[in-house]
Amino acid sequence: MSNKMWGGRFSERPDAIMEEINVSIDVDRHLYAQDIAASKAHAAMLAAQGIITAVDAKNIAKGLDTILSEIAKGSFDFKRALEDIHMNVENRLGELIGPAAGRLHTARSRNDQVATDFRLYVRDTIDELDAALAAFQGALVERAIEHAATVMPGFTHLQTAQPVTFGHHLLAYVEMASRDRGRFADARKRLNESPLGAAALAGTSFPIDREATARALGFERPMANSLDAVSDRDFVLETLSAAAIAAVHLSRFAEEIVIWTSPLVGLVRLSDKFTTGSSIMPQKRNPDAAELVRAKTGRVIGALTALLIVMKGLPLAYQKDMQEDKEGAMEALSALSLAVRAMTGMVGDLTPDDARMKVAAGGGYATATDLADWLVRTLKMPFRDAHHVTGRIVALASKEGVALHELPLKAMREVEPKITAEVFNVLSVEASVKSRTSFGGTAPKNVLAQAKGWLKRLEKEQKFD
Ligand code: ARG
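Notes on the structure in this doc start here. Small disclaimer: the values here were computed from a predicted structure and weren't measured.

## Observations concerning the side chain of His249
Part 1 of the argument: Mapped onto the secondary structure, His249 falls in helix H10 (residues 234-261).
Part 2 of the argument: Residue His249 is classed as buried on the basis of its relative accessible area, which comes to 11%.
Part 3 of the argument: The residues contacting His249, other than those within four sequence positions of it, are Tyr173, Met176, Asp180 and Arg183.

What follows is the structure, given as structure tokens:
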């Protein structure tokens, strides 16, 4: 049997290997809801424009609804010989309503159909990811309020640098997630135009109403150029770019959790809910979820790279290469969604070891900058000189094997005679973080104010959703 959809010109069945490389139903079956919604909008428009009869349109809509419920129920028989979701749906429509099904494809092509379906799918996915990222932010903010004053070591070069608060550290990820959401929102705005009615590439001679189908599908407007409409995949690339950056953010956080929970560091503990044991080493508590979040980043970056490479050599307009846009993107976006949800779970689960964090925060002479700042403020020393004096005091403390606040005043005065006992007020880790009141700084009262501000923003957003 030749293919029903273009049987006129073809008398032989495709070679088995041709069919195997050509079919996309295993992937594009996930577009069934969008495909049916777009077909319903198209049929209604065709009837409104007098291109098909109202009776045919009604039967088409009814048949499409039946197909929707068959697929949702799992009773639909997807046929590989019918290649993709568009032909599977249309073929079944024919079985259900007879020859009127053949009128649905008037004034459209699978080229504008697939572009429309996938835009709708990516739009839905962006909305789901946005909600997941908002929940992630909510979890971070909650813990930041709880730990606004919990002191931990801040690192640069992974060397103890200056004390910060755990709440401040968590809020850094709230900012990152906010930019991620901004990038997705931006991509969504640009993707929200309708390719439907561009037909194969050149438009159509039928008096269609592209504004109407765009409106019915929640698009802002029809795409203005039919060649662009069927051949553009920027919307996938932009979404995957935003996804890749978001995945990198999650991966950095996951890496921190892996470091923090290592027994060598021991700043944070994850419960049984977010760790696994070892089949041979009974003492182990492995942060597998964090490790997998870190690893899933590879798929997201991979999907972006793969599609950029698919697109880079394609002349206008539609090329079959573009069929390769879906599998990687779908997989990457669902991996990201899982990673966001896993991180949200870990944020709620983790317990910082406050005492150990405080000790670690003071280790490595982390308040040396506070000493230098005190010399500048109180003794009016130029910062560069203060830096040098502090360096000598740190060397002295290190030689004695004591912390800065444990070094006797007498010893400090040997380096700089003008130092007074008042200096001890700034050498504790609490005093250090408390003093960092500059905008965006780590002072607990800043952190609390920022966290509460975020909470309000997130709550307000939810109300307007
Ligand atoms: N399965 C195809 C895709 O995903 C649908 C469009 C096919 N168009 C065509 N002219 N063969 O790209």
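So, next bit.
## Focus: the site of the ligand
Part 1 of the argument: The ligand sits among Ser24, Asp28, Asp84, His86, Arg110, Asn111, Val114, Tyr318, Gln323 and Lys326.
Part 2 of the argument: In the model, an oxygen atom of the ligand is placed 2.4 Å from a nitrogen or oxygen of the Tyr318 side chain.
Part 3 of the argument: Gln323 has a polar side-chain atom sitting 2.8 Å from a nitrogen atom of the ligand.
Part 4 of the argument: Protein chains shield 86% of the accessible area of the ligand, which is 340 Å² for the free molecule.
Part 5 of the argument: Element by element, the count of residues in the shell around the ligand is highest for helix H6 (residues 110-146), at 3 residues.
Part 6 of the argument: In terms of residue class, the shell around the ligand is built from 2 nonpolar, 4 polar and 4 charged.

## Topic: the packing of H6 against helix H12 (residues 326-349)
Part 1 of the argument: Across the interface, H6 lies against H12 with an axial gap of 9 Å and an inter-helix angle of 15 degrees. In terms of their interaxial angle, H6 and H12 are classed as roughly parallel. When you trace H6 past H12, the crossing you get is left-handed. From H6, Val114, Phe118, Tyr121, Thr125, Leu129, Ala132, Leu133, Ala135, Phe136, Ala139, Leu140 and Arg143 reach across to H12, where they touch Lys326, Ala329, Met330, Leu333, Leu336, Ser337, Val340, Met343, Thr344, Val347, Gly348 and Asp349.

## Structural notes on the environment of Glu128
Part 1 of the argument: Mapped onto the elements, Glu128 comes out in helix H6.
Part 2 of the argument: Glu128 gets classed as exposed once you look at its relative accessible area, which sits at 57%.
Part 3 of the argument: Placed 209 residues apart in sequence, Glu128 and Ser337 show a C-alpha to C-alpha distance of 8.0 Å.

## Notes on helix H5 (residues 85-97)
Part 1 of the argument: Spanning 13 residues, H5 covers 18 Å between terminal C-alpha atoms, matching the ideal 18 Å at 1.5 Å per step.
Part 2 of the argument: The elements touched by buried residues of H5 are helix H2 (25-28), helix H3 (32-48), helix H4 (54-73) and H6.
Part 3 of the argument: The residue sitting at the N-terminus of H5 and contributing the capping side-chain oxygen is Asp84; that oxygen lies 3.3 Å from the backbone nitrogen of His86.
Part 4 of the argument: Positive backbone phi, approximately 80 degrees, marks Gly98, located one or two places after H5.

## A few points about the pairing of strand E1 (residues 151-156)
Part 1 of the argument: Both E1 and strand E2 (residues 159-165) contribute to a ladder of 6 bridges, which runs antiparallel. By the bridge assignment for E2, Met152 is matched with Val164.
Part 2 of the argument: What sits between the antiparallel neighbours E1 and E2 is a turn of 2 residues, in which His157 has the positive phi angle 55 degrees.

## Some words on the packing of aromatic side chains
Part 1 of the argument: Evaluated as defined, the whole model comprises 7 aromatic pairs.
Part 2 of the argument: Ring geometry for Phe136 and Phe253: centres 6.4 Å apart, planes at 50 degrees, overall tilted. Here the residue Phe136 occupies a position in helix H6, and Phe253 occupies one in helix H10, the gap between them amounting to 117 residues. An identical accessibility class is assigned to Phe136 and Phe253; each is buried.
Part 3 of the argument: Ring centres of Phe253 and Trp260 lie 6.4 Å apart, and the angle between their planes is 75 degrees; this geometry places the pair in the edge-to-face category.
Part 4 of the argument: With relative accessibility at 0%, the residue Phe253 sits in the buried group.
Part 5 of the argument: Owing to a relative accessible area of 3%, Trp260 belongs among the buried residues under this scheme.
Part 6 of the argument: By way of ring pairs, the aromatic residues Phe136, Phe166, Tyr173, Phe253 and Trp260 are connected into one cluster.

## A word on the pattern of salt bridges
Part 1 of the argument: What the rule picks out here adds up to 27 salt bridges.
Part 2 of the argument: The partner of Arg110 in a salt bridge is Glu83, and the shortest N-O contact between them spans 3.3 Å. Of this pair, Arg110 sits in helix H6 while Glu83 sits in the loop between H4 and H5, and the two are 27 residues apart along the sequence.
Part 3 of the argument: Residue Arg110 is classed as partly exposed on the basis of its relative accessible area of 23%.
Part 4 of the argument: Of the charged contacts, one joins Glu430 and Lys358 as a salt bridge, the two residues approaching to 2.9 Å between their closest N and O atoms.

Rules of the game
- Each chain has its residues counted from 1, running along the sequence as written.
- A pLDDT threshold of at least 70 governs which residues receive local features in this predicted model, and a stricter bar of 80 or more applies before side-chain atom pairs are shown or counted, although totals over entire chains, interfaces and linings include all residues.
- The side-chain numbers reported here are obtained from all heavy atoms of the structure, hydrogens and water having been left aside.
- Helix and strand assignments come from DSSP, with helices taken as H or I runs of at least 4 residues and strands as E runs of at least 2, each series counted from the N terminus.
- Here the term buried applies to any residue with accessible area under 20% of the maximum for its type, exposed to any over 50%, and partly exposed to those in between, with areas from a 1.4 Å probe on protein chains only.
- Contact definition: two residues touch when any of their heavy atoms are within 4.5 Å.
- By convention in this text, a residue qualifies as near a molecule or strand provided that one of its non-hydrogen atoms is within 4 Å of it.
- Here a polar contact means two N or O atoms within 3.5 Å. Within protein one must be a hydrogen donor candidate and the other an acceptor candidate, and residues neighboring in sequence count only if both atoms are side-chain atoms.
- The Shrake-Rupley method, run with a 1.4 Å probe, gives the accessible areas here. Residue values count only the displayed protein chains as cover.
- Under this grouping Gly is polar, as are all residues other than the nonpolar Ala, Val, Leu, Ile, Met, Phe, Trp, Tyr, Cys and Pro and the charged Asp, Glu, Lys and Arg.
- A fitted line through C-alpha atoms serves as each axis, taken over the contacting stretch for helices, and the angle formed by two N-to-C directions is quoted from 0 to 180°.
- Small angles under 35 degrees read as roughly parallel and large ones over 145 as roughly antiparallel, with 65 to 115 read as roughly perpendicular and the rest as oblique.
- Helix crossings fall into two classes, left-handed where the near helix is turned counterclockwise from the far one by less than a right angle and right-handed where it is turned clockwise.
- Here, expected helix span is obtained from the residue count minus one, scaled by 1.5 Å.
- Strands are labelled as partners when DSSP assigns at least two bridges between them.
- Stacked, tilted and edge-to-face are the three classes assigned to paired rings of Phe, Tyr and Trp, where Trp is represented by its six-membered ring and a pair needs centres within 6.5 Å; plane angles under 30 degrees give stacked, over 60 edge-to-face, the rest tilted.
- Any carboxyl oxygen of Asp or Glu within 4 Å of a side-chain nitrogen of Lys or Arg constitutes a salt bridge here.

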